[in-house]
Amino acid sequence: MDRTAQLVGRAAEPTVANLSGVTEVADVTGVTDIAEIAEIADAAGLPHAIGGSASLRALHRGAVAVLDANWTGASTVPSRGLYPHQWSWDSAFVAIGLRHVSPRRAQTELETLLKAQWGDGRIPHIVFNPSVPLDAYFPSPDFWRSSTAGRAAGAPRTVQTSGIVQPPVHALAAWLVHRADPGLSRARGFLARVYPRLAAWHRYLVHRRDLGGGGLASVVHPWEQGMDNSPSWDAPLARITPAPARSFRRADLDHGAAEDRPTDLDYGRYVRLAAEYRDAGYADTGRTRAGRAHTDHMGHMGHMGRTSHTGRADGFAVEDPAFNALLIASEHALAHIADELGATGAARHARAERLTAALVERLWDPAEGMFFCRDLNGGGLVPERGVSGLVPLLLPGLPHEIAAALVRTLRGPHFGLGSTTRLVPSYDLLGEAFDPHRYWRGPAWFNTSWLLERGLALHGEHAGAQALRRAVLDLAGSSDFAEYVDPYTGEACGTTGFSWTAALTLDLVHRDGPGTGTKGGDLA
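What counts, and where the lines are drawn
- Residues numbered from 1 in each chain as written.
- Predicted model: local features only at pLDDT ≥ 70, side-chain atom pairs only at ≥ 80, totals over all residues.
- Heavy atoms only, no water.
- Helix = DSSP H or I, 4+ residues; strand = E, 2+ residues; numbered from the N terminus.
- Buried < 20%, exposed > 50% of the residue type's maximum accessible area, 1.4 Å probe, protein only.
- Contact = heavy atoms within 4.5 Å.
- Areas by Shrake-Rupley, 256 points an atom, 1.4 Å probe, with all protein chains shown as cover.
- Pairing = 2+ DSSP bridges.
- 1 Å grid on protein atoms, 1.4 Å probe; cavity = no way out; pocket = protein on both sides within 12 Å on 5 of 7 lines; lining within 4 Å.
- Points joined across faces, edges and corners; volume = space filled by probe spheres on them.
- Nonpolar A, V, L, I, M, F, W, Y, C, P; charged D, E, K, R; others polar.
- Core = buried A, V, L, I, M, F, W, Y, C linked by side-chain atoms within 4.5 Å.
- Phe/Tyr/Trp six-rings, centres within 6.5 Å; stacked < 30°, edge-to-face > 60°.
- Salt bridge = Lys/Arg side-chain N within 4 Å of Asp/Glu carboxyl O.
- Expected span 1.5 Å × (residues − 1).
- Polar contact = N/O pair within 3.5 Å; in protein donor to acceptor, adjacent residues only side chain to side chain.

(A) Representation of the overall build of the protein in the model. Within the protein, the regular secondary structure consists of 20 helices and 10 strands. For the protein, buried positions account for 61% of its 524 residues. Residue pairs at least 24 apart in sequence account for 69% of intrachain contacts in the protein once pairs closer than 6 positions are excluded. Just so you have it, the protein exposes about 18500 Å², and 53% of that area is on carbon and sulfur atoms.

(B) Structural view of the sheet that holds strand β8 (residues 444–445). Strand order in the open sheet made by the three strands is β8-β9-β10, with antiparallel pairing throughout. The two strands at the open ends of the sheet, each matched to only one other strand, are β8 and β10 (492–493). As paired elements, strand β9 (residues 484–485) and β10 share two bridges and run antiparallel to each other. Considered in β10, the bridge of V485 is made with A492.

(C) The arrangement of unusual backbone geometry in detail. Between F138 and P139 the backbone carries a cis peptide bond, its omega angle lying at 0°. Within the secondary structure, P139 sits in the loop between β2 (126–127) and α6 (141–144). Phi at Y282 is positive, roughly 55°, even though this residue is not glycine. In this structure, Y282 sits in the loop between α13 (264–279) and α14 (289–302). Judged by relative accessible area, which is 1%, Y282 ranks as buried. Positive phi, close to 55°, is recorded for Y439, a residue that is not glycine. Structurally, Y439 can be placed in the loop between α17 (400–411) and β8.

(D) Spotlight on the sheet that holds strand β3 (residues 218–219). If you trace the three strands from one edge of the open sheet to the other, you get β3-β4-β7, paired in antiparallel fashion. A strand with exactly one partner marks an edge of an open sheet, and here the two such strands are β3 and β7 (374–375). Pairing of β3 with strand β4 (residues 318–319), which is carried by two bridges, proceeds in the antiparallel orientation. Within the sheet, the bridge partner assigned to V219 lies in β4 and is V318.

(E) Summary view of empty space enclosed by the protein. Enumeration over the complete set of coordinates arrives at four cavities of 30 Å³ or more. Lining the largest cavity are 20 residues, with Y83, W87, Q166, D228 and Y439 sitting closest to its centre. Looking at the lining of the largest cavity, its residues break down into 13 nonpolar, three polar and four charged.

(F) Representation of the environment of P487. Relative to the assigned elements, P487 resides in the loop between β9 and β10. The exposure class assigned to P487 is buried, which follows from its relative accessible area of 5%.

(G) Spatial organisation of the nonpolar core. Formed by 145 residues in total, the largest nonpolar core has its most connected members in F93, L406, L423 and V424. Contact partners of L406, with chain neighbours within four places excluded, come to W364, G369, M370, F371, G389, L390, P392, L393 and L398.

(H) Spotlight on the packing of aromatic side chains. Under the criterion given, the structure shown has 25 aromatic pairs. Ring centres of W89 and W500 lie 5.2 Å apart, and the angle between their planes is 85°; this geometry places the pair in the edge-to-face category. In this pair, W89 sits in helix α4 (residues 88–98) while W500 sits in helix α20 (residues 499–509), placing the two residues 411 residues apart along the sequence. Note on accessibility: W89 and W500 belong to one class, buried. Here the aromatic cluster, defined as three or more aromatic residues joined through ring pairs, consists of Y83, W87, W89, F93, Y137, Y439, W440, W445, W450, Y484, F498 and W500.

(I) Fine view of the pattern of salt bridges. Summed over the entire model, instances satisfying the criterion amount to 22 salt bridges. R438 is the partner of D435 in a salt bridge, and the nearest nitrogen-oxygen pair spans 3.7 Å. Taking relative accessible area as the criterion, D435 reaches 23% and is therefore assigned partly exposed. With a relative accessible area of 18%, R438 lands in the buried category. Of the charged contacts in the structure, one is a salt bridge between E453 and R511, with a shortest N-O distance of 2.9 Å. Of the two residues, E453 sits in helix α18 (residues 446–458) while R511 sits in the segment after α20, which places them 58 residues apart along the sequence. One continuous salt-bridge network, built from bridges that share partners, spans D120, R122, R209, E224 and D284.

(J) Summary view of α17. Helix length check: α17 (12 residues) gives 17 Å between terminal C-alpha atoms against 16 Å at 1.5 Å per residue, within 8%. Of all the residues in α17, the buried ones are I402, A403, A405, L406, V407, T409 and L410. Of the surrounding elements, those touching the buried residues of α17 are α16 (346–363), β5 (364–365), β6 (370–371) and α18.

(K) Region of interest: the side chain of S388. Following the sequence through the fold, S388 ends up in the loop between β7 and α17. Classification of S388 as buried rests on a relative accessible area of 5%. In this structure the side chain of S388 is engaged in a polar contact, spanning 3.0 Å, whose partner is the backbone nitrogen of A322. Sequence-distant contacts of S388, that is, excluding residues within four places in its chain, are made with Q225, M227, D320, P321 and A322.

(L) Local environment of the environment of D480. Secondary-structure assignment places D480 in the loop between α19 (462–478) and β9. Taking the C-alpha atoms as reference points, D480 and L59, separated by 421 residues in sequence, lie 9.5 Å from one another.

In short, shape yes, function no, at least from these values alone.
So this is what it looks like as structure tokens:
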């Protein structure tokens, strides 16, 4: 049974198609102390207001309205105008929020995405809605040509997708969705159906994407990591010859201010990388210098010719800390799913521990107190401080001294959390490339602050976690659930009515309820 009735204290349950009936919260008018508010609400079995720019009642209603407006009947688009299809890690975050008001719809969100999985295990970063006009978004399905260019990699024939991936939050989302209503999940066989697909997804990343040979997954396009124009990509991207501007049309500028979006030069490089990957059949071999040397040798031996244009010295292959931290978190979640299904999760916990050790060995810089990307073609760590280097704080197996150093960095002058900023900026406040409005080059995003709030709480930084939680809720409400915000002023940037902002707001509104997985047990 859906847990909605328990959450709202009323008889009517929203359907999978509509959530707008879920609005009741505890009346704590005039109460400002967090502990007292929690005590009142817990006694009533209801969510509660914590002060700030908006009550949780208004936040709840607003978040539900956003998710209803962006629901297509089978999945949730990030934004009707700017992002009119299903995005991979967006849907995972959406499911995490939806579980509080409709676990059934949260399950559907993940199931719809997983139906588009490729035969090699990859989960594509976009699943295209065929009813959306081709010119509504670029790159469109006719650019990716998944069913033909991706045939060797097992791309589905009945649905059009992109050919690249996004961060692997999905197993964590599936586990949290299950915990929200285990009875419903078991009755529907939810975990039994998604587990094989999630396991195949992790196999693809661990085996096909260990391009550096050090045990970590690599990304082969900035879009895969999710932080598209982060300054961390500037050096690796500098080797890429941009596609001519006349060869594509940017639909994103129809819906967002140019100063908030990646530059045309960046976009030309994104298009070049994606086209080369497509033209190589979405193959993951030969994407590093070492891999190319091996592939070229085998090509000469077998008279099969050299590697494609994708395998040139200007290729892109990067080990990213946030991508791998989310893989580790989801590997722990897969272990819990295996246990729930009557198997053993011990091997998966052990793999997560090995990945954590590799993350520390390859990407940790003790002198700087954070993790950095590793450019597999340029050599060495990329000396740019991005929020990605803080995200591993969410891992339970992180050594204490590393967790403590990350907290110091988070609060220090480069990110300023709790002093100059309320949400975590996406890039170094003191960096030369910092821009408070341009996408991932400085603005604060709600999903990364949500991840770091969990990390702070997990490592005993409860006051900091509570302050970050309040900031997320305040700024989500005041910005109309913006895609991202200026880290200093909280001014809305990008689009508004953004789905993961609304969904993660719901998660924080309903924090600490039964089955929410906020005590760290969902990963440990």
